[in-house]
Amino acid sequence: MLKLYTAHNSICTQKVFLTLIEKGLEWQSEYIDLFKNEQYRPEYLRLNPKGVVPTLIHEGRSVIESSLICEYLDQSFPEPSLVPASAYDRSRMRVWAKHIDEGVFEATREISFSAMFRDKMKSMTEEQRNGRFNNIGDPGRRARFISTYEEGEDSVYVAQGIFAFEKMFREMESDLSSKQNWLVGDFSLADINLIPFVARMDYLGLLDIWIADRPLVQAWWARAKLRPSFRGAIADLLTPEQVLAMKSSGAKIKDRIVNRWREIIRGALH
């Protein structure tokens, strides 16, 4: 039995859920409460030294990093394959994974934090808040969290995130065509890598900022939401309260995100 350590509404965990469902695999989940700092328990850090979710346990060994977990599952359980057949297309698939790992993951985290979790941290005591910051071992991650907490959507890291999404969606619109439903031929890990991050922007009510004038991306997103794996990995796991919370949180910051997006686009054109 596969075992997956998860957290509520964890975007990286959703990538693995999508892969498991697309491959028809069964698994057991164990929940990690991130706001109770359970990810920093010594027994969990032995499985995942970074103190993040998800972590996959298979045959007594831990596999970490969601993009690598998805490839591990595809290689361990080859049918149906979610990886393109040719070496060239596999390289293209991994370029989309790099979009996530080298910018869009942090973009989603910072924008989500400024919209949803910042207010929750404001309600903490200073001791609780500092404890949460101090538990982040990586100085770079700690600086991003503190900046986004203190400055919200005015943080430089949120601006970087807005640009990361703009870059990704621009390349998607370029790569997709009217005869190509998915990013690299058939539905693959390229699409799976992106779906949860696009979904988060959609649930926050911010997605149209980037794709309103990109019809090929809109069509790709409509197809993605029709897949049973989308319902099983994302939509059906969200409570009405969570959906409402994301929508209302996104609405609070949307005007400022739109303005910052316009500033970034103007800057990129000069």
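Details of the structure are given in the entry above.
Computed from a predicted model, the values in this text were never measured in an experiment. (Residues numbered from 1 in each chain as written. Predicted model: local features only at pLDDT ≥ 70, side-chain atom pairs only at ≥ 80, totals over all residues. Heavy atoms only, no water.)

**Some words on the sheet that holds strand β3 (residues 55-58)**
Working step 1: In spatial order, the strands read β2-β1-β3-β4; together these four strands make up an open sheet with mixed pairing. At either margin of the open sheet sits one strand with a lone partner, and together these are β2 (27-31) and β4 (61-64). On average, each strand axis in the sheet is tilted by 25 degrees relative to the strand beside it, whichever way the strands run.
Working step 2: Bridge analysis of strand β1 (residues 2-6) against β3 gives three bridges, and the strand direction is antiparallel. (Pairing = 2+ DSSP bridges. Helix = DSSP H or I, 4+ residues; strand = E, 2+ residues; numbered from the N terminus. Axes fitted to C-alpha atoms, helices over the stretch in contact; angles between N-to-C directions.)

**What about the pattern of salt bridges?**
Working step 1: All chains considered together, the criterion is met by 19 salt bridges.
Working step 2: With a closest N to O distance of 3.0 Å, R94 and E71 form a salt bridge. With R94 in helix α4 (residues 87-122) and E71 in helix α3 (residues 66-76), this pair connects stretches of sequence that are 23 residues apart.
Working step 3: Judged by relative accessible area, which is 35%, R94 ranks as partly exposed.
Working step 4: Note on E71: relative accessible area 17%, which makes it buried.
Working step 5: For E110, the salt bridge identified is with R109, shortest N-O distance 3.2 Å. (Salt bridge = Lys/Arg side-chain N within 4 Å of Asp/Glu carboxyl O. Buried < 20%, exposed > 50% of the residue type's maximum accessible area, 1.4 Å probe, protein only.)

**Considerations on empty space enclosed by the protein**
Working step 1: The tally for this structure, following the rule as stated, stands at two cavities of 30 Å³ or more.
Working step 2: In this structure, the largest cavity encloses a volume near 40 Å³.
Working step 3: If you go around the largest cavity, the residues you meet are N9, I11, Q14, P196, A199, R200, Y203, I234 and L238.
Working step 4: Among the elements of the structure, α1 (11-22) and α8 (189-203) are those that each provide at least two residues to the lining of the largest cavity.
Working step 5: Looking at the lining of the largest cavity residue by residue, the classes come out as six nonpolar, two polar and one charged.
Working step 6: Space inside the second largest cavity adds up to approximately 30 Å³.
Working step 7: If you go around the second largest cavity, the residues you meet are S67, E71, M93, R94, A97, L189 and N193. (1 Å grid on protein atoms, 1.4 Å probe; cavity = no way out; pocket = protein on both sides within 12 Å on 5 of 7 lines; lining within 4 Å. Points joined across faces, edges and corners; volume = space filled by probe spheres on them. Nonpolar A, V, L, I, M, F, W, Y, C, P; charged D, E, K, R; others polar.)

**Overview of the environment of S188**
Working step 1: Note that S188 resides in the loop between α7 (156-175) and α8.
Working step 2: Looking at S188, the relative accessible area reads 2%, which means it is buried.
Working step 3: Separated by 40 residues in the primary sequence, S188 and T148 place their C-alpha atoms 33 Å from one another.
Working step 4: Apart from the residues lying within four places of it in its own chain, the contact partners of S188 are L82, P84 and M93. (Contact = heavy atoms within 4.5 Å.)

**Structural notes on the pairing of β1**
Note on strand geometry: in a regular strand, side chains alternate between the two faces of the sheet.
Working step 1: Extensive coverage of β1 is indicated by the burial of four of its five residues.
Working step 2: Taken together, the five bridges between β1 and β2 define a ladder with parallel strand orientation. Bridge pairing in β2 links Y5 to E30.
Working step 3: Where the polypeptide runs from β1 across α1 and back to β2, its parallel neighbour, the crossover connection is right-handed. (Right-handed = clockwise from strand over helix to strand, strands pointing away.)

**Let's talk about the packing of aromatic side chains**
Working step 1: Enumeration over the complete set of coordinates arrives at eight aromatic pairs.
Working step 2: Ring centres 5.9 Å apart and planes at 20 degrees place the aromatic pair F165 and F169 in the stacked group. Taken together, the residues F165 and F169, both in helix α7 and four residues apart, mark about one turn of the helix.
Working step 3: Among the aromatic residues, those joined into a ring-pair cluster are F165, F169 and W210.
Working step 4: In this arrangement the basic side chain of R223 is found over the ring face of W182, its NZ or CZ atom lying 5.8 Å from the centre.
Working step 5: One Lys or Arg, R227, reaches over the ring of F187 and ends 3.7 Å from the middle of that ring. (Phe/Tyr/Trp six-rings, centres within 6.5 Å; stacked < 30°, edge-to-face > 60°. Lys NZ or Arg CZ within 6 Å of the ring centre and 35° of its normal.)

Geometric values such as these leave the question of function open.
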